[in-house]
Amino acid sequence: MSANQTPDTAHKILAESLGQMVLIKLRGGKSIRGRLRSYDMHLNVVLDNAEEEMNDGSWRKLGTVLIRGENIVVISPM
Amino acid sequence: MSANQTPDTAHKILAESLGQMVLIKLRGGKSIRGRLRSYDMHLNVVLDNAEEEMNDGSWRKLGTVLIRGENIVVISPM
Amino acid sequence: MSANQTPDTAHKILAESLGQMVLIKLRGGKSIRGRLRSYDMHLNVVLDNAEEEMNDGSWRKLGTVLIRGENIVVISPM
Amino acid sequence: MSANQTPDTAHKILAESLGQMVLIKLRGGKSIRGRLRSYDMHLNVVLDNAEEEMNDGSWRKLGTVLIRGENIVVISPM
Amino acid sequence: MSANQTPDTAHKILAESLGQMVLIKLRGGKSIRGRLRSYDMHLNVVLDNAEEEMNDGSWRKLGTVLIRGENIVVISPM
Amino acid sequence: MSANQTPDTAHKILAESLGQMVLIKLRGGKSIRGRLRSYDMHLNVVLDNAEEEMNDGSWRKLGTVLIRGENIVVISPM
Amino acid sequence: MSANQTPDTAHKILAESLGQMVLIKLRGGKSIRGRLRSYDMHLNVVLDNAEEEMNDGSWRKLGTVLIRGENIVVISPM
């Protein structure tokens, strides 16, 4: 296992993003963005000040959300 | 494992929400809201006074519901 | 693990519903209701006097049914 | 584990149905009916004289079929 | 475990069908038929002289195919 | 376990196809064809000179591709 | 296990692509391309300078993204 193929590929980028805004794309095409409060080994994440993207491209406030990792396709620091 | 990457990311926010209203988004796009009575390690949750969102945006009473964790995308304290 | 975060969240509400009418929502949007005869650790359930909801909102008799837990989204005592 | 919450919830109703006609609803909405010849712990089932429901509501003969348990939503003795 | 509830429910009917024509229905509704050459414990199967059903009801030659068991809904000896 | 029901049903046909052209059908209906360079126990495969089938029936060059086994429905030597 | 059927089929092609542009096709049909920064044993990958393909065929900048391996169908060095 080289330095680039480590178990923490996913976790390293999440650790660097704690307290930062992230954009999360879910299965089915929805997006949610918010401030990354915490995450766990299943890639479950908790966002504060979260908003979800509506069909018309606007964003609706959700507040704090727990997102189950299994439904996440992409996580992107903003 | 840092303080922010703990196994209880999901569980901590649920513990804080016991007895409170939560909004749950399910796979397929449906939403259910209600008072969080209990949950388990699979993120199965039981809500009291639950209501489901109808296609016209209204809410229909369901009473007490058990939701299987596997179908949950997002849990949000209201 | 607190009193509210126990392995039997799902099972407790099922145990209380034995012999009672329950409404079960399945993946894909179908609903089945009937009298809860038994269940197991996979949330497989057996209902007596079961009926399934038709597209026009009416209910069609199915008799006794075994529903595989994996397909269940919500179980609600009626 | 009470008498009603046993590992064989699913298997008991199948054992009682051996040699009987059963209706099986599959993921995706299709139905198959036939005489239950055997089943296993994964809920794989073998039906004899099986027929599948067509879109127009008629039934087409399939003969003997093996159905993988993973695709089964509901099994109902007829 | 009775004589009818054995681990080989699925495998017995496959063993009987070796060298015979089988019809296989896949998730998503497609069908493939061919001569059963071999199978394994995951219900992966290899068919010779396989054909797939087209939307217009005709059959297109595929030759030898390996079908992953996970995608199989129904196997039926022809 | 008979000679025909062996763990390598899938692997045997892949071993015979190394360096040969194969057609791979993916979940969701897409097809990719190319020269089989290697595969592993999860049925992940690497193809060289791969092309994907477009909606109009033409083929678009992809070059070398890694296909995750989980998404493969059918592998067919060409 | 022959030289061509090794556990690292997937990982070898990823190791060769570190620092290179790759095209990733996701379940549901979306594509993302970017420079491969790292990956892990679950095929989770991190891309820098990532872009996603829009419905009109154009590409929208995403920056750095973590893609969960489970949602990946095809990875192709560009």
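You'll find the structure just up there.
We now turn to the structure provided with this report. (Residues numbered from 1 in each chain as written. Chains lettered and ligands numbered in written order. Predicted model: local features only at pLDDT ≥ 70, side-chain atom pairs only at ≥ 80, totals over all residues. Heavy atoms only, no water.)

1. A few points about the interface of chain D and chain C
Listed by partner, the interface residues are 21 residues for chain D and 22 residues for chain C. Of the roughly 1800 Å² buried where chain D meets chain C, counting both sides, 55% is carbon and sulfur surface. Where chain D packs against chain C, one counts two salt bridges. In this structure, the salt-bridge partner of Glu52(C) is Lys25(D), at a minimum N-O distance of 3.1 Å. The tally of links from chain D across to chain C stands at eleven residue pairs in polar contact (both at pLDDT 80 or more). Residue assignment for the side of chain D that touches chain C shows that the elements contributing at least two residues are α1 (9–17) and β5 (72–77) of chain D. With six residues, β5(D) is the single largest residue contributor to the side of chain D that touches chain C. When its residues are assigned to classes, the side of chain D that touches chain C shows ten nonpolar, seven polar and four charged. (Contact = heavy atoms within 4.5 Å. Buried area = accessible area lost by both parts, 1.4 Å probe. Salt bridge = Lys/Arg side-chain N within 4 Å of Asp/Glu carboxyl O. Polar contact = N/O pair within 3.5 Å; in protein donor to acceptor, adjacent residues only side chain to side chain. Helix = DSSP H or I, 4+ residues; strand = E, 2+ residues; numbered from the N terminus. Nonpolar A, V, L, I, M, F, W, Y, C, P; charged D, E, K, R; others polar.)

2. Here we look at the packing of aromatic side chains
Evaluation of the coordinates by the stated rule reveals zero aromatic pairs over all chains. Sitting over the ring of Trp59(E), Arg33(E) keeps its end group 3.9 Å from the ring centre. (Phe/Tyr/Trp six-rings, centres within 6.5 Å; stacked < 30°, edge-to-face > 60°. Lys NZ or Arg CZ within 6 Å of the ring centre and 35° of its normal.)

3. Some points on helix α1 (residues 9–17) of chain F
Of the positions making up α1(F), those classed as buried are Thr9(F), Ala10(F), His11(F), Ile13(F), Leu14(F) and Ser17(F). Once α1(F) ends, the next one or two residues include Gly19(F), with phi positive near 85 degrees. (Buried < 20%, exposed > 50% of the residue type's maximum accessible area, 1.4 Å probe, protein only.)

4. Re the relation of the copies chain A and chain G
Mapping chain A onto chain G calls for a rotation angle of 51 degrees and an axial translation of 0.0 Å; the resulting RMSD is 0.0 Å. The two copies present different faces, since only 10% of the interface residues in chain A are matched by interface residues at the equivalent positions in chain G. (Least-squares fit on C-alpha atoms with pLDDT ≥ 70 in both.)

5. Concerning the relation of the copies chain D and chain C
Expressed as a screw transformation, the operator carrying chain D onto chain C has a rotation angle of 51 degrees and an axial translation of 0.0 Å, and the superposed copies differ by an RMSD of 0.0 Å. A share of only 10% of interface residues in chain D that are also interface residues in chain C marks the association as one of differing surfaces.

6. A closer look at the interface of chain A and chain G
Of the residues lining the interface, 21 residues belong to chain A; the matching set on chain G comes to 22 residues. Interface of chain A and chain G: buried area, both sides summed, is about 1800 Å²; carbon and sulfur atoms make up 55% of it. Counting the contacts that link chain A with chain G gives two salt bridges. Here chain A is connected to chain G by eleven residue pairs in polar contact (both at pLDDT 80 or more). At the level of secondary structure, the elements contributing two or more residues to the side of chain A that touches chain G comprise α1 (9–17) and β5 (72–77) of chain A. Here the element with the most residues in the side of chain A that touches chain G is β5(A); it accounts for six residues. Tallied by class, the residues present in the side of chain A that touches chain G amount to ten nonpolar, seven polar and four charged.

7. Quick word on the side chain of Asp40(E)
Residue and element names in this part refer to chain E. Mapped onto the secondary structure, Asp40 falls in the loop between β2 (31–39) and β3 (45–53). Arg68 provides the closest opposite charge to the buried, unpaired Asp40, separated from it by 9.0 Å. Reaching out from Asp40, the side chain makes a polar contact with the side chain of Asn44 at a distance of 3.0 Å. (Lys, Arg positive; Asp, Glu negative; His and termini not counted.)

8. Details of unusual backbone geometry
For Asn49(D), which is not glycine, the phi torsion reads 50 degrees and is therefore positive. The topology assignment puts Asn49(D) in strand β3 (residues 45–53). Unlike most non-glycine residues, Leu43(E) shows phi in positive territory, near 65 degrees. Tracing the chain through its elements places Leu43(E) in the loop between β2 and β3. Under the relative-accessibility criterion, Leu43(E) is labelled buried at 4%.

9. Digging into the pattern of salt bridges
Oppositely charged side chains can pair when the atoms bearing their charge come close. Overall, the coordinates contain 56 salt bridges over all chains when judged by the stated rule. A salt bridge links Asp48(F) to Arg37(F); the shortest N-O distance between them is 2.9 Å. With a gap of eleven residues between them, Asp48(F) in strand β3 (residues 45–53) and Arg37(F) in strand β2 (residues 31–39) connect regions that are remote in the sequence. Salt bridges here are not isolated pairs; linked through shared partners, they connect Lys25(A), Lys30(G), Glu52(G) and Arg60(G).

10. Observations regarding the environment of Ser38(D)
Residues and elements named next belong to chain D. Of note, Ser38 is situated in strand β2 (residues 31–39). Since its relative accessible area comes to 11%, Ser38 is described here as buried. Residues Ser38 and Lys25, spaced 13 residues apart in sequence, show a C-alpha to C-alpha distance of 17 Å.

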